[in-house]
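The chain contents come next:
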Amino acid sequence: MGGKLASILALALLLSISHSAHVGDKNDRHETNESSDISSRILNAHKATYGLEDELLHEQSRPDQDQHVKIHGEYVSTEETNESSDISSRILEANKDISDHLMEGDVALPRTRNAMRCLYYDCKWPKSRSGLVEVPYNISDYYYASEKRTIERAMAALHEKTCVRFVPHTNQLHYLSIESKTGCWSLVGRIGGKQRVSLNAFSCLQNGIVQHELLHALGFYHEHTRSDRDQYVRINWEHVSAGAISNFKKRDTNNLDTPYDYSSVMHYGRYADSTSRLHPTITPIPDASMEIGQRNELSEIDILKINKLYKCGGLQ
Ligand SMILES: [Zn+2]
């Protein structure tokens, strides 16, 4: 009797799995067909504005979450995890197939002359009369609800500690469009119009990574490219991968009178772009054991910098 029940259950399970997989297949095809039309329209519209490369704008299709859970029992929620790899390694890993189209590993390059201006000057989001800096955003419906919450939680941390407010986009001309494209990347500063931030649903939805890309959109570069970095880190050029040399060039940055910040969410990790996992590309000096490349959250100095750049609460 027990054996018979077990085989009935096994049969029922098999049928349910094959049915789910079948539904999933159909949906995959359906989504792919539908999204190709939409994505090519978006791509063309986008190219007209920024001229970003096609490779950056690829979006993977996937079944809806319920089916995903049924088909892949191992599906893991994208809620924050405590993985040990540092933020920059994860971003660089997510971007490895598109790195030719990015600067410093995850900074998308605008192509219009007007937008290029932001690479050399602060292109800030304007402050309203209330003293708040409103940054309108839209999160793609491609994300599952839990993923949207991860993104909005990352934004909320800025609301608590700075005068920046990410507000849902309504009819504002300039806004961030957060989409799951290939890799994790952003443009730097407010470029104008619909401005994409890519947070790939499979590889970028971690609090520190989301905040890292949002900080680019607010106008910040990587900490290790600061103008004064040579006093604080040594770049081991001999271990930097050939194609990544430019990711380590110093910039004429506005350091806002803040100390160099090893704990910044904008700091690369010590093995970023290394030719091997044995050889660090960035070594803190004089204390080489200093931790860099944290992936958890904004540091105190990251927060101070936002407050200074945007003169929150009268800070200069
Ligand atoms: Zn970055």
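On a predicted model such as this, the values are computed, not experimentally measured, just so you know.

Thresholds, definitions, all that
Residues numbered from 1 in each chain as written. Predicted model: local features only at pLDDT ≥ 70, side-chain atom pairs only at ≥ 80, totals over all residues. Heavy atoms only, no water. Buried < 20%, exposed > 50% of the residue type's maximum accessible area, 1.4 Å probe, protein only. Helix = DSSP H or I, 4+ residues; strand = E, 2+ residues; numbered from the N terminus. Pairing = 2+ DSSP bridges. Axes fitted to C-alpha atoms, helices over the stretch in contact; angles between N-to-C directions. Parallel < 35°, antiparallel > 145°, perpendicular 65-115°, else oblique. Left-handed = near helix turned anticlockwise from the far one by under 90°. Contact = heavy atoms within 4.5 Å. Nonpolar A, V, L, I, M, F, W, Y, C, P; charged D, E, K, R; others polar. Salt bridge = Lys/Arg side-chain N within 4 Å of Asp/Glu carboxyl O. Disulfide = S-S within 2.5 Å.

Attention shifts here to the pairing of strand β7 (residues 194-199). Here β7 lies mainly inside the structure; five of its six residues are buried. In terms of strand pairing, strand β5 (residues 175-179) meets β7 through five bridges, oriented parallel. Looking across to β7, one finds that Ile-178 is bridged to Val-197. Relative to β7, strand β6 (residues 184-186) is paired through three bridges, and the arrangement is antiparallel. Its bridge partner lying in β7, Trp-185 is registered against Ser-198.

Attention now moves to the packing of helix α5 (residues 145-161) against helix α6 (residues 207-218). What describes two packed helices is the angle between their axes and the distance between those same axes. Across the interface, α5 lies against α6 with an axial gap of 9 Å and an inter-helix angle of 60°. It follows that α5 is oblique to α6 by the angle criterion. Between α5 and α6 the crossing geometry is right-handed. Judged by residue contacts, Ile-151, Arg-153, Ala-154, Met-155, Ala-157 and Leu-158 of α5 engage Asn-207, Val-210, Gln-211, Leu-214, Leu-215 and Leu-218 from α6. Here the contact of α5 with α6 is composed, by residue class, of nine nonpolar, two polar and one charged.

With that settled, the discussion passes to the pattern of salt bridges. In total, this model carries nine salt bridges according to the counting rule given. The shortest N-O distance in the salt bridge between Lys-148 and Asp-141 comes to 3.0 Å. For Asp-141, a relative accessible area of 69% gives the class exposed. The salt bridge partner of Asp-230 is Lys-250, with a shortest N-O separation of 2.7 Å. With Asp-230 in the loop between α6 and β8 (233-235) and Lys-250 in the loop between β8 and β9 (282-284), this residue pair connects regions lying 20 residues apart in the sequence.

Let's shift gears to the state of the cysteines. Evaluation of the coordinates by the stated rule reveals two disulfides. Each sulfur of the disulfide joining Cys-163 and Cys-312 lies 2.0 Å from the other. Every disulfide takes its handedness from the sign of the S-S torsion; for Cys-163 and Cys-312 that torsion is -70°, giving left-handed. With Cys-163 in the loop between α5 and β4 (164-168) and Cys-312 in the segment after α7 (300-309), this pair connects stretches of sequence that are 149 residues apart. Summarising the burial analysis for this pair, Cys-163 and Cys-312 share the class buried.

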